[in-house]
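# Summary of the model geometry
Listed below, chain by chain, are the residues.
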Amino acid sequence: MKGVSEPPLESNSSSRPTIASERPLKPITVSPPLHRDFLLHLEAYLARRDGVDKLLKISRYAAKILLVTPSHGGALAPRLQAFESSVGLSRKAFRLGKFIQHVNSLRFFSFSKTLCSSPLDLLLAIVAFGGDGVYFFIEQFVWLTKTGLLPSEIAPPLQKVSTGSELIGYFGRVALKTREMNKIKASIEAKKEEADDDEMELERLNAKLELKKLSIVQDAADGVMLLSDVKSFHYGTGFSAAVCAAAGMISALISTYRNWRAC
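This report concerns the structure included in the present document.

What counts as what
Residues numbered from 1 in each chain as written. Predicted model: local features only at pLDDT ≥ 70, side-chain atom pairs only at ≥ 80, totals over all residues. Heavy atoms only, no water. Helix = DSSP H or I, 4+ residues; strand = E, 2+ residues; numbered from the N terminus. Buried < 20%, exposed > 50% of the residue type's maximum accessible area, 1.4 Å probe, protein only. Contact = heavy atoms within 4.5 Å. Areas by Shrake-Rupley, 256 points an atom, 1.4 Å probe, with all protein chains shown as cover. Expected span 1.5 Å × (residues − 1). Axes fitted to C-alpha atoms, helices over the stretch in contact; angles between N-to-C directions. Parallel < 35°, antiparallel > 145°, perpendicular 65-115°, else oblique. Left-handed = near helix turned anticlockwise from the far one by under 90°. Nonpolar A, V, L, I, M, F, W, Y, C, P; charged D, E, K, R; others polar. Salt bridge = Lys/Arg side-chain N within 4 Å of Asp/Glu carboxyl O. Patch = residues over 30% accessible without salt bridge, like charges linked within 9 Å, V, L, I, M, F, W, Y side chains within 5 Å. Polar contact = N/O pair within 3.5 Å; in protein donor to acceptor, adjacent residues only side chain to side chain.

### Some remarks on the overall build of the chain
Assigned secondary structure in the chain consists of 8 helices and 0 strands. In sequence order, the secondary structure elements of the chain are arranged as α-α-α-α-α-α-α-α. Going through the 263 residues of the chain one by one, you find that 30% of them count as buried. Within the chain, contacts between residues separated by at least 24 positions form 70% of all contacts whose residues are at least 6 apart in sequence. If you sum the accessible surface of the chain, you get close to 17300 Å²; carbon and sulfur atoms cover 64% of it.

Printed below as a string of structure tokens:
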């Protein structure tokens, strides 16, 4: 008996082989590098105003430290003094328009329900950002007096107003950062008590807490120099040059590290 042959299969687009050009493209996921390229990171850092400003700050206080050593800089003392003065003037030029940054920080803080969770937070933010904003605004005119565009006679009263506003902003800034640090600690403790604690979130919060602590240490160093300025206005002399130079270098190194991490 002759077998019955099966009917031929109908031509179907799904049965024909798919050529490479018709295959759907899969999305390509590029994993970020584990370690950021140093030169690219450095380029991005130096492209920022704060990056260059902090390097100038380190250079200035390094010169101040050399000038307060027992040798007082030796034969390089006149050059170090001229360098320190020139760098200080250059740093003031980098602060042109920086007060806008504090205006925007206050706006962002006041609209953030996470950061501004109480009227006290808003009050401290106004004191901190407002004081710093006035300081950087006045510093623009201090720079103009030092460059000779404005008469030098108005420099002393401008510097007094600048120092006073910086002092007000300083106390508000320290109080605000202390409250933020306590909030971060509370968030860390809450995460640890959760059953499904997120290790990545804990790591992020711990890193944020570390930077906040460093920021407070920097504020303490800045406070030493600020009190020295206030003391010099009232009594004619501030703290010793060695103390101010050391405090300035500590502040410069911490601010450089924080800006490097944020870049």
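### Examining helix 8 (residues 241-262)
What sets the pattern is the α-helix's 3.6 residues per turn: residues three or four places apart point alike. Compared with an ideal rise of 1.5 Å per residue, which puts 22 residues at 32 Å, helix 8 spans 31 Å between its outermost C-alpha atoms and is within 8% of the ideal. For helix 8, the set of buried residues is Cys-244, Ala-245, Ala-247, Gly-248, Met-249, Ser-251, Ala-252, Ile-254, Ser-255, Thr-256 and Asn-259. Buried residues in helix 8 make contact with helix 1 (38-46), helix 2 (49-67) and helix 7 (199-235).

### Observations regarding helix 7
The end-to-end C-alpha distance of helix 7 is 53 Å, a good match for the 54 Å that 37 residues give at a rise of 1.5 Å each. Gly-236 sits one or two positions beyond helix 7 and adopts a positive phi of about 90°.

### Considerations on the packing of helix 7 against helix 8
Running from N to C, helix 7 and helix 8 cross one another at 150°; their axes reach a closest spacing of 9 Å. On the basis of the axis angle, helix 7 is roughly antiparallel to helix 8. In this structure, the crossing between helix 7 and helix 8 has a hand that is left-handed. In contact with Ala-207, Glu-210, Leu-211, Leu-214, Ser-215, Val-217, Gln-218, Ala-221, Asp-222, Val-224, Met-225 and Ser-228 of helix 7, helix 8 contributes Val-243, Cys-244, Ala-247, Gly-248, Ile-250, Ser-251, Ile-254, Ser-255, Tyr-257, Arg-258 and Arg-261. Partitioning the contact of helix 7 with helix 8 into residue classes produces 13 nonpolar, 6 polar and 4 charged.

### Considerations on the pattern of salt bridges
Side-chain pairs of opposite charge can arise whenever the charged atoms involved come near each other. Counting across every chain of the model gives 14 salt bridges. The closest approach of N and O atoms between Asp-50 and Lys-98, which form a salt bridge, is 3.4 Å. Pair noted here: Asp-50 is in helix 2 and Lys-98 is in the loop between helix 3 (77-93) and helix 4 (99-111), with a separation of 48 residues, a long-range link. Like Lys-98, Asp-50 is buried. In this structure, Arg-173 and Asp-132 form a salt bridge, with 2.7 Å as the shortest nitrogen-oxygen distance. Residue Arg-173 is found in helix 6 (residues 155-193), and its partner Asp-132 is found in helix 5 (residues 119-147); the two are separated by 41 residues along the sequence. For Asp-132, a relative accessible area of 7% puts it in the buried group.

### Observations regarding the side chain of Thr-163
Residue position: Thr-163 is located in helix 6. On the accessibility criterion, Thr-163 (8% relative accessible area) is buried. With residues up to four places along the chain from it excluded, the contact list for Thr-163 reads Leu-226, Asp-229, Val-230 and Phe-233.

### Looking at the packing of helix 1 against helix 8
Relative to each other, helix 1 and helix 8 sit at 110°, their axes nearing to 10 Å. When the interaxial angle is binned, helix 1 and helix 8 end up roughly perpendicular. Between helix 1 and helix 8 lies a crossing of right-handed hand. When helix 1 is examined against helix 8, the residues Phe-38, His-41, Leu-42 and Tyr-45 are found in contact with a partner set consisting of Thr-256, Asn-259 and Trp-260. Partitioning the contact of helix 1 with helix 8 into residue classes produces 4 nonpolar, 3 polar and no charged.

### So, the environment of Arg-48
Examined against the element boundaries, Arg-48 turns out to sit in the loop between helix 1 and helix 2. The spatial distance from the C-alpha of Arg-48 to the C-alpha of Asn-259 is 9.4 Å, given a sequence separation of 211 residues. Sequence-distant contacts of Arg-48, defined by excluding residues within four places in its chain, comprise Asn-259, Ala-262 and Cys-263.

### Considering a nonpolar patch on the surface
There is a patch of nonpolar side chains on the surface, built from Leu-227, Phe-239 and Val-243 and spanning about 240 Å² of accessible area. Examined against the element boundaries, Val-243 turns out to sit in helix 8.

### Quick look at the side chain of Glu-139
With respect to the helices and strands, the residue Glu-139 is situated in helix 5. A distance of 2.9 Å separates a polar atom in the side chain of Glu-139 from a polar atom in the side chain of Ser-162. Sequence-distant contacts of Glu-139, that is, excluding residues within four places in its chain, are made with Lys-92, Arg-95 and Ser-162.

These results come straight from atomic positions and should not be treated as a statement about function.
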